[in-house]
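This is what each chain is made of:
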Amino acid sequence: MKPIDADRKIILSHPTDNVATAKSEIQPETILFLPKGRKIEVREEIPFGHKVCLRTIPKGGPVIKYGERIGRAIRTIRPGELVHIHNVVGERGKSQSKNKG
Amino acid sequence: MNFLGYKRPDGKVGVRNHIAIIPSVVCASEVCIAIARKVKGTVAIPHPHGCAQLPFDAEQTARTLIGVGKNPNVAAVLVIGLGCEVVDPFLIASKIAESDKLVKSLIIQEVGGTLKTVKEGTRMARAMWSEASRFKRERVDLDSLILGVECGGSDACSGLSANPALGVASDLLIKEGGTVILSETTESIGAEHILAKRAINKKVKERILEIVRRTESRALNLGLDIGKANPAPGNIRGGITTLEEKSLGCILKGGSSRIMEVLEYAEAPAQKGLVLMDTPGHDAESVTGLIAGGAQIIAFTTGRGTPVGSPIAPVIKISTNSHLYSKMKDNIDIDAGEIITGDKTVQEVGEKIFREVLRVASGRLTKSEILGHREFAINRIGPSF
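The rules behind the values
- Residues numbered from 1 in each chain as written.
- Chains lettered and ligands numbered in written order.
- Predicted model: local features only at pLDDT ≥ 70, side-chain atom pairs only at ≥ 80, totals over all residues.
- Heavy atoms only, no water.
- Axes fitted to C-alpha atoms, helices over the stretch in contact; angles between N-to-C directions.
- Helix = DSSP H or I, 4+ residues; strand = E, 2+ residues; numbered from the N terminus.
- Parallel < 35°, antiparallel > 145°, perpendicular 65-115°, else oblique.
- Left-handed = near helix turned anticlockwise from the far one by under 90°.
- Contact = heavy atoms within 4.5 Å.
- Nonpolar A, V, L, I, M, F, W, Y, C, P; charged D, E, K, R; others polar.
- pLDDT = per-residue confidence, 0-100.
- 1 Å grid on protein atoms, 1.4 Å probe; cavity = no way out; pocket = protein on both sides within 12 Å on 5 of 7 lines; lining within 4 Å.
- Points joined across faces, edges and corners; volume = space filled by probe spheres on them.
- Phe/Tyr/Trp six-rings, centres within 6.5 Å; stacked < 30°, edge-to-face > 60°.
- Lys NZ or Arg CZ within 6 Å of the ring centre and 35° of its normal.
- Buried < 20%, exposed > 50% of the residue type's maximum accessible area, 1.4 Å probe, protein only.
- Domains from an automatic or database assignment.
- Buried area = accessible area lost by both parts, 1.4 Å probe.
- Salt bridge = Lys/Arg side-chain N within 4 Å of Asp/Glu carboxyl O.
- Polar contact = N/O pair within 3.5 Å; in protein donor to acceptor, adjacent residues only side chain to side chain.

A. Seen up close, the packing of helix α6 (residues 162-175) of chain B against helix α14 (residues 346-361) of chain B. All names here are of chain B. It is at 7 Å that the axes of α6 and α14 come closest, and there the two elements cross at 55°. As summarised for this structure, α6 and α14 are arranged oblique, according to the angle between their axes. The handedness of the crossing between α6 and α14 comes out as right-handed. In this structure, α6 uses Pro164, Ala165, Leu166, Val168, Ala169, Leu172 and Leu173 to contact α14, whose residues at the interface are Val346, Gln347, Val349, Gly350, Glu351, Ile353 and Phe354. Broken down by class, the residue content of the contact of α6 with α14 amounts to 11 nonpolar, two polar and one charged.

B. Spotlight on the confidence of the model for chain A. Mean pLDDT over chain A stands at 89; residues scoring 70 or higher make up 87%. Every residue in residues 97-101 of chain A is under pLDDT 50, and counting partners more than four places away or in other chains gives six contacts.

C. Broad picture of the layout of surface pockets. Residue and element names in this part refer to chain B. Of the volumes computed, that of the largest pocket is approximately 760 Å³. Contributing to the lining of the largest pocket are 35 residues, with Thr186, Thr215, Arg218, Pro280 and Gly281 lying nearest its centre. Secondary-structure elements contributing two or more residues to the lining of the largest pocket are α2 (55-70), α8 (202-221) and α11 (283-292). Broken down by element, the residue count for the lining of the largest pocket peaks at four residues, all from α8. Here the residues of the lining of the largest pocket sort into 11 nonpolar, 12 polar and 12 charged.

D. Local environment of the packing of aromatic side chains. All names here are of chain B. By the definition in use, this model includes zero aromatic pairs over all chains. When the ring centre of Phe135 is taken as reference, the NZ or CZ atom of Arg8 above it lies at 4.4 Å. One residue, Lys317, lies across the ring of Phe300, its end atom 4.8 Å from the ring centre.

E. Seen up close, the environment of Val68 of chain B. Residues and elements named next belong to chain B. Mapped onto the fold, Val68 is located in helix α2. With relative accessibility at 1%, the residue Val68 sits in the buried group. The spatial distance from the C-alpha of Val68 to the C-alpha of Ile291 is 6.3 Å, given a sequence separation of 223 residues. For Val68, the contacting residues outside a window of four places in its chain are Ile22, Ile45, Val74, Ile291, Ala292, Ile312 and Phe376.

F. Geometry of the domain arrangement of chain B. All names here are of chain B. The domain boundaries assigned to chain B delineate domain 1 (18-132) and domain 2 (143-370). Both faces combined, the contact of domain 1 with domain 2 buries some 1,000 Å², and carbon together with sulfur accounts for 61% of it. If you look at where domain 1 meets domain 2, you find zero salt bridges. Viewed at the interface, domain 2 and domain 1 are joined by five residue pairs in polar contact (both at pLDDT 80 or more). With five residues, the top contributor of residues to the side of domain 1 that touches domain 2 is α2. Split into classes, the residues belonging to the side of domain 1 that touches domain 2 amount to five nonpolar, six polar and one charged.

Set out below in structure tokens:
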């Protein structure tokens, strides 16, 4: 797998991903340049190695990294927001009682 | 391509020349340590198992100890038993001896206690070292090399830098006829469909899906989320959000080859090329399973930084990010963080890892060896009784 260098601040691991990984800490209001001339404004601090949302992910929608589903949004996540355990839940290795919703 | 290794009587090739002092049971561990302290070239492999274990669990402990003894990095073996344990020291010694290496055993209750066994064992180990020191490194082909790939203390960079680079190195070794063991079934959960697609045949495909299902249901049957243990708190602080994300990054270490077979924990591969071993995500347990399966070298990626080594195999540490490399240089052999900074490509770092594997195979010490890291943990699959 060859990472796609969309912007020198982030790494996009697959063209279909809706999140990208910060190559260093990214400050709010930073503009990120994406493939096909798109750009987004970062809304909050993204620590090194953490993920930033590139396209709106609706509540319950899939979070895509490596071109694969890594979890489900537990609320709508907007472009430029930090994507992590506060707004995403994994779907595997979960006991039944917690796999709802 | 070739490297300088120790040819063993069974045709296998070691990259190190250890004398292993193996206890069949926890009660013999201290005696092993005492012997190893006295004789150069020996390494004790203490562990807390070997008794009060149910048959399937005792069998796994025995298979692991036999595998460690059979590993070609080991020139000769001294097995120390207590005398009343579940895991039979004579069975371990005789199975290891099938590899035609020098194997001896002593039973503490028969010899007459700690002091007498240490004395007798020291005498035996000294004679073994004298024998083993006659092995000299010779030029051998890469098809005799088994590389175990491992990741521990992952961060969100693992799947973007060190793991795909290690995948390149895995592909290069397999192209030269070598073998790579990918493990950590827990960290295949959510990525098993990708591995299954690469299975060499339907049977291997079914086995891949089966070991992942078995691991996932083991936790679920306890009514627990694997998420309580994996991803670990440090993985999450490093930016990994879910188990699926960790898994998708983890499997990249194996490269892109076809998967030839699926091994039980500590089982030796019958095939060359890329093989899968069913181990837990616990690093030391996974590495122990890999070396018991015959891996002579471990390539180990880390994002948070871990010092874990092995008593008989060199462990090459590869950092996923340069912050870690500069912070824990004493422990890290190669920095793959240059991929994140854009200074190197995945391919370039992969080739660098491959070259380092060859150098280490020929005798270059890794940082984990120099620092004396000998972590060893056998995967338990049943409670004590």
